[in-house]
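Notes for the structure review
Single-letter residue listing:
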Amino acid sequence: MAFSAQTRRTTIAQLKTTDLDLLIIGGGITGAGAALQSISSGAKTGLIEMGDFGSGTSSRSTKLVHGGIRYLKTFDVKVVADTVQERARIANVAPHIPHPAPMLLPIYQEPGATFDLFSAEMAMDLYDRLANIQQGQYAHYMLDREAVLARAPNLAEKHLVGGGVYLDYVNNDARLVIENIKEADELGALIASHLEVVSIVHADNGKAIGVKVHDHLTGEEFTIHAKMLLNTTGPWTDRLRPQVDQPLLRPTKGVHLVVDDAVLFVPQPIYFDSGLQDGRMIFVIPRAGKTYFGTTDTDYHGDLAHPTVDFDDVDYLLNVINTRFPEAQVSLNDIEASWAGLRPLLAPPTTDTPMDLQPLVEIIHQFESGSATQAQVEAVMSTLTKSQAAPSTVSRGYEVLTEPDGMITIAGGKLTDYRKMAESAITVIRERLLTEHGVHTSQIDSTHLQVSGGHFDPSTVLDSLDYFARLAEDAGIPRTQAHRLAQRFGSNIGRVLHYAQAGAAPGLSLGETASLRYSVQEEMTLTPVDYMLRRTNAILFHAHTAENIAGPVVAEMARLLEWDDLETEAQLQRLLNAMHESSSPP
């Protein structure tokens, strides 16, 4: 089913004239999941996103579906219970996307360590019980010091006392978003990207009844009407809410760096304390011949639309990685790609403790004299926020609340919780649609609501993906790329291969051509950055290949989308800028 620039024009025409039951504002993972659940229940559903789908927080995560074992240390058992159970549900509805990846947890006997051997084993045991993993290949187990080093011989030996292995899942965050979006669209939801809310439209009684939006592609402004509005805008949540005294969110920034596995090789995902006694833990994850590591966790006060990788972020991560892998000596020149994302964390309650502003006054004077950096100013500012809690200790829980004007807001949460968060909001919305508007909808079991590309038996994932790959091989696509396409598109592989029938585009392989054409025609891929950063992750994990195919990708998109020379050149420049920003952090 087409989902493209052309269908976007038709969708916008319908959005202008349809009285929706529900309009979802925000096309990240939570909004995408809510759209799929809402349209499946029978509600007339719309979704708008001001950029590309998932272009904010939902494509800039650590790319895991994980339970957050370290939250057990702060007794956030409910968050862990929810997320470890949701991992299995996501694997059920999107079986081609997350994959089991046992995580190695080395334990260092250091001041401020998150776990010692005893507490780690207790935490992993509880973690498995919450996930209903009692035995089998994915049950946790402990390792002595020698076994940890045998498994990861390049780890630092000093203070290492042992470790454990427990189950987590690797994930493709941006693909999870677009597959939810595509399924909702195919079921009849009216979905469009690059539509930004200018203002909320209210009735005479003060209730929210729609939004005025700006189309970033045409410059047009128009109104969309809906019985109910759902705010799933992540870090932008507070900006869309009615004026309130206390913000819901405390955004923090997380940064990840990518190097070739020849520079830093790890045999499996690894998770450890930073070693800097700052309460942070760091992931090191192998992927597609690369290794990426992160994340930082710092309060953020900058541009929500464009968080960047700063020198202090890079310096911090390189310091950590070279401490834990002393023989690697990873340098700035080794970084092939990077990304920065925001976590829309719930702000802790305010306190009545008066703030001492003298440290801020002093650091500003130092900044003006050139003896302090911007990062140092921000660090002092972060200590003067309403809560003195460290960013890494802020809860990953979420809230669903009704605003004074009737809009529903989802705030906080983790990517792994997206289905449950959406379900909580849709439950409230269905009840209000019935009681306030007489609209009857069906209750659905979203734990079995498979996303686009996920329509196959989740108990036979490996066999199914092998079958999809063989179909691609039979179409003339080499084996390695065929398996990559199978994992990317799942049960949609037949649709993808349809676009291979016309042959390869100049400068592109047959598999890349089919992938690109499918994404443009059926994934509303409107720019080369959409394709190479979010639909394929090429900029992040295939940086050198991305350089070689940038021009051919833009040329084929120009043909498909009928760009003139001026637009083609502008799109190429935006792609090159995105590639440069990723590969050359300051």
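Refer to the structure presented above.
As the structure is a computational prediction, the values presented were derived from the model and not from experiment.

The next point concerns the side chain of Q481. One can find Q481 in helix α13 (residues 479-489). With relative accessibility at 15%, the residue Q481 sits in the buried group. Not counting the four nearest positions on each side in its chain, Q481 is found in contact with S509, G511 and E512.

Next up on the list: the packing of aromatic side chains. This structure, assessed with the given rule, holds eleven aromatic pairs. Relative to W339, the ring of Y292 has its centre 5.4 Å away and its plane inclined at 50°; by these criteria the two rings are tilted. Highlighted residues: Y292 in strand β16 (residues 290-294) and W339 in strand β18 (residues 337-346), separated in sequence by 47 residues. Residue class for Y292 comes out buried when judged on its relative accessible area of 1%. A residue is classified by how much of its surface remains accessible, and W339, at 7% relative accessible area, is buried. Summarising the aromatic geometry, the rings of W339 and F541 are spaced 6.0 Å apart at their centres and angled 80° between planes, so their arrangement reads as edge-to-face. With W339 in strand β18 and F541 in helix α17 (residues 538-541), the pair connects residues that are 202 residues apart, well separated along the chain. With a relative accessible area of 3%, F541 lands in the buried category. Above the face of the W339 ring, K63 is positioned so that its terminal group lies 4.9 Å from the ring centre. Here the guanidinium or amino end of R324 rests over the ring plane of Y108, the centre of that ring lying 3.8 Å away.

Glancing now at helix α12 (residues 461-474). Owing to its 3.6 residues per turn, the α-helix aligns residues three or four sequence positions apart on the same side. Look at α12: 20 Å from first C-alpha to last across 14 residues, which is about the 20 Å you get at 1.5 Å a residue. When α12 is considered as a whole, its buried residues turn out to be V461, S464, L465, F468, A469 and A472. Buried residues of α12, seen end-on, are gathered within an arc of 135° and therefore sit on one face of the element. Every exposed residue of α12 that faces more than 90 degrees away from the buried side is listed here: L462, D463 and D474. G476 sits one or two positions beyond α12 and adopts a positive phi of about 100°.

Right, let's talk about the pattern of salt bridges for a bit. Going through the model one piece at a time under the given rule, you end up with 36 salt bridges. The closest approach of N and O atoms between D52 and R535, which form a salt bridge, is 2.9 Å. Placement of D52 in the loop between β2 (45-49) and β3 (64-65) and of R535 in helix α16 (residues 528-535) is noted, with a sequence separation of 483 residues between them. With relative accessibility at 2%, the residue R535 sits in the buried group. Across the salt bridge formed by E473 and R479, the nearest N and O atoms sit 3.0 Å from each other. Residues joined by salt bridges that share partners form a network here, namely D52, D530, R534 and R535.

Right, let's get into the nonpolar core. Among the nonpolar cores identified, the biggest contains 76 residues, and F53, I181 and L230 are the most heavily contacted of them. Those residues in contact with I181, other than ones at most four positions away along the chain, are F3, A32, L47, F53 and I191. Y108, V259, I270 and F293 belong to the second largest nonpolar core, which has 31 residues in total.

It is worth spelling out the environment of A578 at this point. Along the chain, the position of A578 falls in helix α19 (residues 565-583). A578 sits 45 residues away from L533 along the chain, and the two C-alpha atoms are 8.5 Å apart.

What counts and how
- In this convention, every chain numbers its residues from 1, walking through the sequence in written order.
- Where local features are concerned, this predicted model is filtered to residues with pLDDT of at least 70; where side-chain atom pairs are given and counted, the filter is 80 or more; whole-chain, interface and lining totals use all residues.
- Excluding hydrogens and water, the side-chain values take into account all heavy atoms of the structure.
- Each helix corresponds to a stretch of at least 4 residues labelled H or I by DSSP, and each strand to a stretch of at least 2 residues labelled E; elements are numbered beginning at the N terminus.
- Three exposure classes are used, based on accessible area relative to the maximum for each residue type with a 1.4 Å probe and protein chains only: buried under 20%, partly exposed in between, and exposed over 50%.
- Contact definition: two residues touch when any of their heavy atoms are within 4.5 Å.
- Two aromatic rings from Phe, Tyr or Trp, using only the six-membered ring of Trp, form a pair when their centres are within 6.5 Å; if the ring planes differ by under 30 degrees the pair is stacked, by over 60 it is edge-to-face, and anything between is tilted.
- Our definition puts a charge over a ring when NZ of Lys or CZ of Arg is within 6 Å of the ring centre and also within 35 degrees of the ring normal.
- Expected span of a helix: the number of residues minus one, times 1.5 Å.
- Note that the arc is defined by the directions from the helix axis to the C-beta atoms.
- What makes a salt bridge here is a side-chain nitrogen of Lys or Arg within 4 Å of a carboxyl oxygen of Asp or Glu, nothing more.
- As used here, the term nonpolar core means buried Ala, Val, Leu, Ile, Met, Phe, Trp, Tyr and Cys residues forming a set that is joined through side-chain atoms within 4.5 Å.

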